[in-house]
Every structure is written in C-alpha cells, then in structure tokens.
Amino acid sequence: MIDFFLESYKNAPLWHIILEFLVFVCGILSVWFAKKENIWVYPTGLIATVISVYLLYVAGYIGDMIINAYFSIMSIYGWYMWAKGTTVEDNLPITRTTFNEKIIGILLFIVTVFVVFSIYKYFDYEIHKDNYVDMISSGIFFAGMWYMARKKIENWTLWIIGDIIVVPLYAYRGLGMLSLQYLIFTILAISAYLEWRKILDSKKQIS
C-alpha cells in the first residue's frame, strides 16, 4: 500500500510534491472550517483550488481542472455571502434547500456534465472510462459548492457522495495524496453533516 502511494511520486518534481502537500493541508483545513461555520473555509479553500488548477492542468485532467477553477470562483462568491452580515445575527444561517434550489442543483449537475464533456471533445482528448466518472463527480461538486455558498445542509450530502466517488478515481490515476485527502474529506463531511443537522434541529426546537 505504501509502495503504491509512493510510486506515483517517484518521478515527480519536488516542488510539485510540495504544492500537492499544500493542497492536501489547505483542503482539509477548509472542510474543517466549513464544518465549524468559520469563514476561513474560503481563504484556505481558495489556496487549495488555485494550486490544484495548475497541478491538474499539468497532469492533463481537464474535468478536474475545470471543477477546481469553478471552486476558486465560488470560494470568492461564498466568502462574500458568508461575510455579508455585520453582526452574528445577520450572518447567513444554515437552512435546507427549497424546491427551486433543488431544481437549480439538478440543472447545475446536468450543465456541468455537458460542459466538461464538450470541453474534452473540443480539445480532442480521448475520453476514457475514468473521465466519465470525472464528469459525474464534477457535476455533483458543482452543485455542492453552490449549496455550500448558501449554507444549505444538502451541500454535505453531495460532498459525501462526490468524495466517495473520487477516492478510488484518484487512487487509480496515481494521485495518492489527493485520494487520501478525499478519504479524509468523506469522514469530515459526514461529521459536518451531523453537526449542521444538530444546529438545524436545535433551531426548530427554539422556534
């Protein structure tokens, strides 16, 4: 297992390994801050996604690169949404998605899959089986990131599903550190969902 993990980094430049480790640390910190409703979710997440865009571009994984570019944009949007309130009471509360927001999430998923597929075709990349998995996970993460920016508890459901999908995907591609990172993401996302649900349930009892 350790040999499999290290083999993929055998010929990698040292500074690429350092960058991937930085993504690893900042990514985990970002999910932890999201769980705690801490606005530092976005600065740490932004560092991770911007570096990931470069690393995935170099590796030739266009779908993953696009999702991380989107994450970078949504991190700025989410940062703004979470910071809008001038007092604690004004801050964006945790809520569940409305029917319309569910429809928007489904549309985001469909559009994302179509766009990523179209980009592969436009650049004349040969589409392998793992690329189709990549498209599906990209669609899930696109919708999840939008829900996260609006503090919808369903964002964690989508993160859990997406994380479970990409753990073996990254392992298959030889990106061991990213695979391990998303395994940790899965555990944190489950914990975060339970924590946010407690907050929602306590609000119901108060009201």
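Residues numbered from 1 in each chain as written. Predicted model: local features only at pLDDT ≥ 70, side-chain atom pairs only at ≥ 80, totals over all residues. Heavy atoms only, no water.

(A) Quick peek at helix α5 (residues 99–122). With 24 residues, α5 ought to run about 34 Å at 1.5 Å a step, and its terminal C-alpha atoms sit 34 Å apart, in line with that. Within α5, the full set of buried residues consists of Glu101, Gly105, Thr112, Val116 and Tyr120. Count one or two residues on from α5 and you reach aspartate 124, which has phi positive near 60 degrees. (Helix = DSSP H or I, 4+ residues; strand = E, 2+ residues; numbered from the N terminus. Expected span 1.5 Å × (residues − 1). Buried < 20%, exposed > 50% of the residue type's maximum accessible area, 1.4 Å probe, protein only.)

(B) Main features of the packing of aromatic side chains. Per the counting criterion, the structure on display carries 12 aromatic pairs. Consider the rings of tyrosine 42 and tryptophan 82, whose centres lie 5.3 Å apart with planes at 90 degrees: the pair is edge-to-face. Remark: tryptophan 82 occurs in helix α4 (residues 62–83) and tyrosine 42 occurs in helix α3 (residues 41–59); sequence separation between them is 40 residues. In this pair, the class of tyrosine 42 matches that of tryptophan 82, namely buried. Ring geometry for tryptophan 146 and tyrosine 147: centres 5.7 Å apart, planes at 50 degrees, overall tilted. Each member of the pair, tryptophan 146 together with tyrosine 147, is buried. The ring of tryptophan 82 has lysine 151 lying over it, and the distance from NZ or CZ to the ring centre is 4.5 Å. (Phe/Tyr/Trp six-rings, centres within 6.5 Å; stacked < 30°, edge-to-face > 60°. Lys NZ or Arg CZ within 6 Å of the ring centre and 35° of its normal.)

(C) Just the pattern of salt bridges, in detail. On inspection of all chains with the given rule, the structure shows 5 salt bridges. With a shortest N-O distance of 4.0 Å, arginine 150 and glutamate 101 are connected by a salt bridge. One end of the pair, arginine 150, is in the loop between α6 (129–149) and α7 (154–172); the other, glutamate 101, is in helix α5, with 49 residues separating them in the sequence. Judged by its relative accessible area of 26%, arginine 150 falls in the partly exposed class. Overall, the relative accessible area of 11% leaves glutamate 101 in the buried class. Close ionic contact of lysine 152 with glutamate 101 constitutes a salt bridge, the shortest N to O distance being 3.2 Å. (Salt bridge = Lys/Arg side-chain N within 4 Å of Asp/Glu carboxyl O.)

(D) Inspection of unusual backbone geometry at higher detail. Look at glutamate 37: it is not a glycine, yet its phi comes out positive at around 60 degrees. The topology assignment puts glutamate 37 in the loop between α2 (14–35) and α3. A relative accessible area of 29% means that glutamate 37 is categorised as partly exposed. Its identity as a non-glycine residue notwithstanding, lysine 151 has a phi of 55 degrees, on the positive side. Relative to the elements of secondary structure, lysine 151 occurs in the loop between α6 and α7.

(E) Seen up close, the UniProt feature "transmembrane region" (unreviewed entry) in the protein chain. In this structure's numbering, the residues bearing the UniProt feature "transmembrane region" (unreviewed entry) are residues 12–33, 40–59, 65–82, 103–120, 156–172 and 178–196. Secondary structure content for residues 65–82 is 100% helix and 0% strand, while the C-alpha to C-alpha distance between its ends is 25 Å. Helix makes up 100% of residues 103–120 and strand 0%, and the two end C-alpha atoms of the span are 26 Å apart. (UniProt positions renumbered as here; feature names shortened; annotations may be inferred.)

(F) View of a nonpolar patch on the surface. A cluster of nonpolar side chains, Phe99, Ile103, Ile106, Leu107, Phe109, Ile110 and Ile136, forms an exposed patch at the surface whose accessible area comes to about 660 Å². In terms of residue count, α5 provides more of the nonpolar patch than any other element does, 6 residues in total. Its place among the elements puts isoleucine 103 in helix α5. Looking at isoleucine 103, the relative accessible area reads 35%, which means it is partly exposed. (Patch = residues over 30% accessible without salt bridge, like charges linked within 9 Å, V, L, I, M, F, W, Y side chains within 5 Å. Areas by Shrake-Rupley, 256 points an atom, 1.4 Å probe, with all protein chains shown as cover.)

(G) Region of interest: the side chain of serine 137. Structurally, serine 137 is set in helix α6. A polar contact of 2.9 Å, which involves the side chain of serine 137, links it to the backbone oxygen of aspartate 134. Not counting the four nearest positions on each side in its chain, serine 137 is found in contact with Ile165 and Val166. (Polar contact = N/O pair within 3.5 Å; in protein donor to acceptor, adjacent residues only side chain to side chain. Contact = heavy atoms within 4.5 Å.)

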